[in-house]
Amino acid sequence: MTGPFETSVNGFDGRFLTTHWSIIYAIRTTDERRQREIIGDLTEKYWQPVYCYLRRKGFKDSTAKDMTQGFFCDIVIGRELIQQAEKAKGRFRTLLLTALERYVVSDHRKTHRQKRRPGTGVKRLDSDALSDLVTSQKEMKPEEVFYYTWAMNLLDVVLKEARQEYCSTDRTAHWEVFWSRVVAPIIDNVDALSYAEICGKFGIESESRASNMTITVKRRFRAILKRHLRDLVQSDAEVEDELGEVFAILSQAGAG
């Protein structure tokens, strides 16, 4: 039971993007070992949107990998970008994108680009799983690809967490109904199965039961998503704005 939500952009065992501001603030610690761990974790979580942005800019795979390494080595680590992050200044992903845009047009990139090797806090890049995503969103602008990759990774995490929760508590049927009715039609771009078809496929006793199962998992999925989004903002009131942005990003990609 796989699809783009689980395979096309994921590569970090479902650990992408729980960017707690407390973790970002913790990077200011004087404990160098802890600081390296935090930088490494955030770098690992954010390199995919950076790489996809660069590919959409027209850079080849090897160049995009090199520039991604350079961006994290020279800007994120070298200029202590993470340490400069402040809640009051807006979303961390926006700060990262702004810094990336400046990096791409800088004379530093043009005159000093060289092969970067994964160093302290920077992981070796494996872009094979991203090739389909990069080529499938041809109509999107580079910044749109950046945010789309971010949103897809977030949804991947949420879907995996929800699936684990239901399948580990003897409610696998709930997940299968939800996947077939809600998720599969989106990723396969096909019409959703009718509840009658779902009942026949999974042995559900009635259409109303199948409908209730779908609604139950939808509510849980939304709750998990909102919990992850809460880690990215200052207050509960901002969660709905984040939720709206996630869906707007995905809708825009679908429209393209």
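These numbers were taken from a predicted model, which means no experiment stands behind them.

Engineer: Explain the pattern of salt bridges to me, please; I cannot follow it from the model alone.
Structural biologist: Pairs can form between side chains of opposite charge whenever their charged atoms are close. If you walk through the whole model with that rule in mind, you get 11 salt bridges. Residues Arg222 and Glu240 are paired through a salt bridge, measuring 3.6 Å at the closest nitrogen-oxygen approach. In this pair, Arg222 is assigned in helix 12 (residues 207-230) and Glu240 in helix 13 (residues 239-255), connecting sequence segments 18 residues apart. We classify Glu240 as partly exposed; its relative accessible area is 40%. Each of Arg93, Glu242 and Glu245 takes part in a single network of salt bridges with overlapping partners.

Engineer: How should the confidence of the model for the chain be read in this particular structure?
Structural biologist: Detailed reading of the predicted coordinates is not advisable wherever pLDDT is low. When pLDDT is averaged along the chain, the result is 77; 70% of the residues meet or exceed 70. When mean pLDDT is compared element by element in the chain, helix 11 (residues 195-202) scores highest at 97, while helix 1 (residues 4-7) scores lowest at 30. Residue range residues 117-122 is modelled with pLDDT below 50. Its contacts to residues more than four positions away, or to other chains, number 15 contacts.

Engineer: Could you clarify how one ought to interpret the environment of Glu143 in this entry?
Structural biologist: As for its position among the elements, Glu143 is in helix 9 (residues 142-167). Put simply, Glu143 and Leu97 are 46 residues apart on the chain and 7.5 Å apart in space, counted from C-alpha to C-alpha.

Engineer: Please explain helix 4 (residues 61-77) as it appears in this structure.
Structural biologist: Side chains of residues three or four places apart in an α-helix project in the same direction, reflecting 3.6 residues per turn. End to end, helix 4 covers 22 Å across 17 residues, agreeing with the expected 24 Å (1.5 Å per residue, within 8%). The set of residues buried in helix 4 consists of Ala64, Asp66, Met67, Thr68, Gln69, Gly70, Phe71, Phe72, Ile75 and Val76.

Engineer: Would you mind going over the packing of aromatic side chains with me for this structure?
Structural biologist: By convention here, two paired aromatic rings are described through the distance between centres and the angle between planes. For the structure shown, the criterion picks out seven aromatic pairs. Ring geometry for Trp47 and Tyr51: centres 5.9 Å apart, planes at 70°, overall edge-to-face. Taken as a pair, Trp47 and Tyr51 lie in helix 3 (residues 32-56) at a separation of four residues, close to a single helical turn. There is no split in this pair, since Trp47 and Tyr51 are both buried. With centroids separated by 5.4 Å and ring planes inclined at 45°, the aromatic side chains of Trp175 and Phe178 adopt a geometry described as tilted. Note that Trp175 and Phe178 are positioned in helix 10 (residues 172-188) at a spacing of three residues, about one turn of the helix. Each member of the pair, Trp175 as well as Phe178, carries the same accessibility label: buried. Aromatic rings pair up to connect Trp175, Phe178, Trp179 and Phe221 into one cluster. Residue placement shows Arg93 over the ring face of Trp150; its charged tip is 3.8 Å from the ring centre.

Criteria and thresholds
- Residues numbered from 1 in each chain as written.
- Predicted model: local features only at pLDDT ≥ 70, side-chain atom pairs only at ≥ 80, totals over all residues.
- Heavy atoms only, no water.
- Salt bridge = Lys/Arg side-chain N within 4 Å of Asp/Glu carboxyl O.
- Helix = DSSP H or I, 4+ residues; strand = E, 2+ residues; numbered from the N terminus.
- Buried < 20%, exposed > 50% of the residue type's maximum accessible area, 1.4 Å probe, protein only.
- pLDDT = per-residue confidence, 0-100.
- Contact = heavy atoms within 4.5 Å.
- Expected span 1.5 Å × (residues − 1).
- Phe/Tyr/Trp six-rings, centres within 6.5 Å; stacked < 30°, edge-to-face > 60°.
- Lys NZ or Arg CZ within 6 Å of the ring centre and 35° of its normal.

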